[in-house]
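# Examination of the molecular architecture
Here is what each chain is made of, one letter per residue.
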Amino acid sequence: MSTDTLRVPEPLIRAGALIKYNSLLRLRDPSQLISYLVAPMVFMVMFQPLYTKALSYGSIQAVTGQLMMFSVFAMSIVANSIFVEREWLTWDRLRASRAARAELLIGKALPVFVVLLIQQAVLIVFGWAVVGMPFPKSIWLLTLAMCVWGFALLGMGAMLATIVRSRGDLFVACDVGALLISSIGGAILPVDLMPSWAQAVTLFSPGTYGLSMLRSAVQGDVGGTLQPALICVVIGLVCGTVATFRLAHGWGRSHLV
């Protein structure tokens with residue numbers, strides 16, 4: 001076999017280098033991930049008795065509601081991973097390199113995507129082992145739901161990172177946005193228990209579809225999982241497209257920070 005046949009394509013080498021670099025950044029600063037794991041565990045244990053008395057699926061609501069809410073908070077990890085490059089004045093250098101936009105985004109997104117999957121998986125296991133949530137009826141369906149929700153969070157976080165002008169704006173947008181998305185989506189108060197006007201508003205929250213998808217996946221409901229999954233994929237694609245467009249047209253440059 002010739003040497004040319006064994007040669008790794010340059011795009012894969014560049015993307016691999018970016019993935020390694022961004023993985024190191026995540027490993028050196030695990031504080032956010034730890035906080036987004038410990039806090040929902042505490043809330044799951046505290047809310048489980050209340051939800052169990054009020055709902056037939058109380059333990060599932062206690063787990064998936066907190067999982068959804070704190071995974072939205074973890075959107076700040078996604079946004080910060082891109083914004084920090086602008087703040088360090090290194091994003092312009094990356095854009096000037098031979099790496100294509102797709103390679104840059106893959107290098108940024110893949111490590112954070114893995115972090116989001118780890119967060120969701122740990123919370124699901126904790127919910128089953130400690131909170132009393134029934135064991136998921138379909139691991140593959142739940143894995144699909146977690147991947148789709150992680151993809152939607154990546155898109156929303158990336159778009160946010162190309163819009164804000166400062167780290168303070170980023171944290172405010174992430175915290176306020178996470179509270180709105182999760183509370184309107186039914187993470188704290190189930191949609192069934194909300195007033196009629198509030199139930200109408202929930203249709204405009206990505207959290208509504210994320211929570212419905214995760215809860216249906218745990219229950220093994222294929223149709224109930226795939227319908228909101230499609231909406232979450234669209235949300236991720238639209239937000240990711242906006243982020244890519246802004247970065248490609250210079251709106252993510254460091255001098256704008």
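The model shown is predicted, which means the values in this text are computed figures rather than measured ones.

### Thoughts on the overall build of the protein chain
- Looking only at helices and strands, the protein chain features 12 helices and 0 strands.
- The secondary structure elements of the protein chain, listed N-terminal to C-terminal, are α-α-α-α-α-α-α-α-α-α-α-α.
- Across the 257 residues that make up the protein chain, the buried fraction comes to 46%.
- Taking all contacts inside the protein chain whose residues are at least 6 apart in sequence as the whole, residues at least 24 apart take part in 79%.
- Accessible area for the protein chain stands at about 12,600 Å²; split by element, carbon and sulfur atoms hold 71% of it.

### Describing the UniProt feature "transmembrane region" (unreviewed entry) in the protein chain
- Under the local residue numbering, the UniProt record ascribes the feature "transmembrane region" (unreviewed entry) to residues 33-51, 63-84, 105-133, 139-163, 170-191 and 226-248.
- Along residues 33-51, the helical share is 100% and the strand share 0%, with 26 Å between the first and last C-alpha atoms.
- Annotation note: span residues 226-248, helix share 100%, strand share 0%, distance between end C-alpha atoms 32 Å.

### Looking at the side chain of glutamine 66
- With respect to the helices and strands, glutamine 66 occurs in helix H4 (residues 58-73).
- For glutamine 66, a relative accessible area of 0% corresponds to the buried category.
- Setting aside residues no more than four positions away along its own chain, glutamine 66 makes contact with Pro40, Phe43, Met44, Phe47, Gln61 and Ala187.

### A few points about the layout of surface pockets
- In this model, the largest pocket occupies a volume close to 270 Å³.
- The set of elements that each furnish at least two residues to the lining of the largest pocket consists of helix H5 (75-87), helix H7 (101-131), helix H8 (139-161) and helix H12 (222-248).
- The element contributing the most residues to the lining of the largest pocket is H12, with 5 residues.
- Taken together, the residues of the lining of the largest pocket sort by class into 10 nonpolar, 5 polar and 1 charged.
- Its boundaries defined by the atoms lining it, the second largest pocket holds a volume of some 190 Å³.
- Every residue along the wall of the second largest pocket is listed here: Ser23, Arg26, Leu27, Asp29, Pro30, Gln32, Leu33, Ile77, Pro111, Val114, Val115 and Ile118.
- Secondary-structure elements contributing two or more residues to the lining of the second largest pocket are helix H2 (10-28), helix H3 (31-54) and H7.
- Sorting elements by how many residues they give to the lining of the second largest pocket places H7 first, with 4 residues.
- Across the lining of the second largest pocket, the residue classes tally to 8 nonpolar, 2 polar and 2 charged.

### Quick look at the confidence of the model for the protein chain
- Looking at the protein chain, pLDDT values average 83 and 88% of them are 70 or higher.
- Across the protein chain, the secondary-structure element scoring lowest on mean pLDDT is helix H1 (residues 3-6), at 52, and the one scoring highest is helix H11 (residues 206-219), at 94.

### Focus on the environment of valine 148
- Along the polypeptide, valine 148 turns up in helix H8.
- Residues valine 148 and proline 228, spaced 80 residues apart in sequence, show a C-alpha to C-alpha distance of 9.7 Å.
- Those residues in contact with valine 148 that lie beyond four places of it in its chain are Met213, Ala229, Cys232 and Val233.

### What about the packing of aromatic side chains?
- All chains considered together, the criterion is met by 6 aromatic pairs.
- A ring pair is formed by phenylalanine 70 and phenylalanine 73, whose centres lie 5.5 Å apart and whose planes are at 40°; its orientation type is tilted. Of this pair, phenylalanine 70 and phenylalanine 73 both sit in helix H4, separated by 3 residues, roughly a single helical turn. Like phenylalanine 70, the residue phenylalanine 73 is buried in the burial classification.
- With a centroid separation of 5.3 Å and an interplanar angle of 75°, the aromatic rings of tryptophan 128 and phenylalanine 135 are classed as edge-to-face.
- Members of the aromatic cluster, joined through ring pairs, are Tyr36, Phe43, Phe47, Tyr51, Phe70 and Phe73.

### Examining a nonpolar patch on the surface
- Where nonpolar side chains cluster on the molecular surface, the patch consists of Ile34, Val38, Val42, Phe43 and Met46 and spans about 440 Å² of accessible area.
- Within the element layout of this structure, methionine 46 appears in helix H3.

### Observations regarding the nonpolar core
- Val72, Ile124 and Trp149 are the most contacted members of the largest nonpolar core, which totals 51 residues.
- Going through the elements one at a time, H3, H4, H5, H7, H8, helix H9 (167-184), H11 and H12 are the ones with two or more residues in this core.
- If you tally residues by element for this core, the top one is H8, at 10 residues.
- Setting aside anything within four residues of it in sequence, one finds isoleucine 124 in contact with Val63, Leu67, Met133, Pro136, Leu142, Met146 and Val218.
- With 10 residues, the next largest nonpolar core counts Ile82, Ala158, Leu160 and Ala161 among its residues.

Rules of the game
Residues numbered from 1 in each chain as written. Predicted model: local features only at pLDDT ≥ 70, side-chain atom pairs only at ≥ 80, totals over all residues. Heavy atoms only, no water. Helix = DSSP H or I, 4+ residues; strand = E, 2+ residues; numbered from the N terminus. Buried < 20%, exposed > 50% of the residue type's maximum accessible area, 1.4 Å probe, protein only. Contact = heavy atoms within 4.5 Å. Areas by Shrake-Rupley, 256 points an atom, 1.4 Å probe, with all protein chains shown as cover. UniProt positions renumbered as here; feature names shortened; annotations may be inferred. 1 Å grid on protein atoms, 1.4 Å probe; cavity = no way out; pocket = protein on both sides within 12 Å on 5 of 7 lines; lining within 4 Å. Points joined across faces, edges and corners; volume = space filled by probe spheres on them. Nonpolar A, V, L, I, M, F, W, Y, C, P; charged D, E, K, R; others polar. pLDDT = per-residue confidence, 0-100. Phe/Tyr/Trp six-rings, centres within 6.5 Å; stacked < 30°, edge-to-face > 60°. Patch = residues over 30% accessible without salt bridge, like charges linked within 9 Å, V, L, I, M, F, W, Y side chains within 5 Å. Salt bridge = Lys/Arg side-chain N within 4 Å of Asp/Glu carboxyl O. Core = buried A, V, L, I, M, F, W, Y, C linked by side-chain atoms within 4.5 Å.

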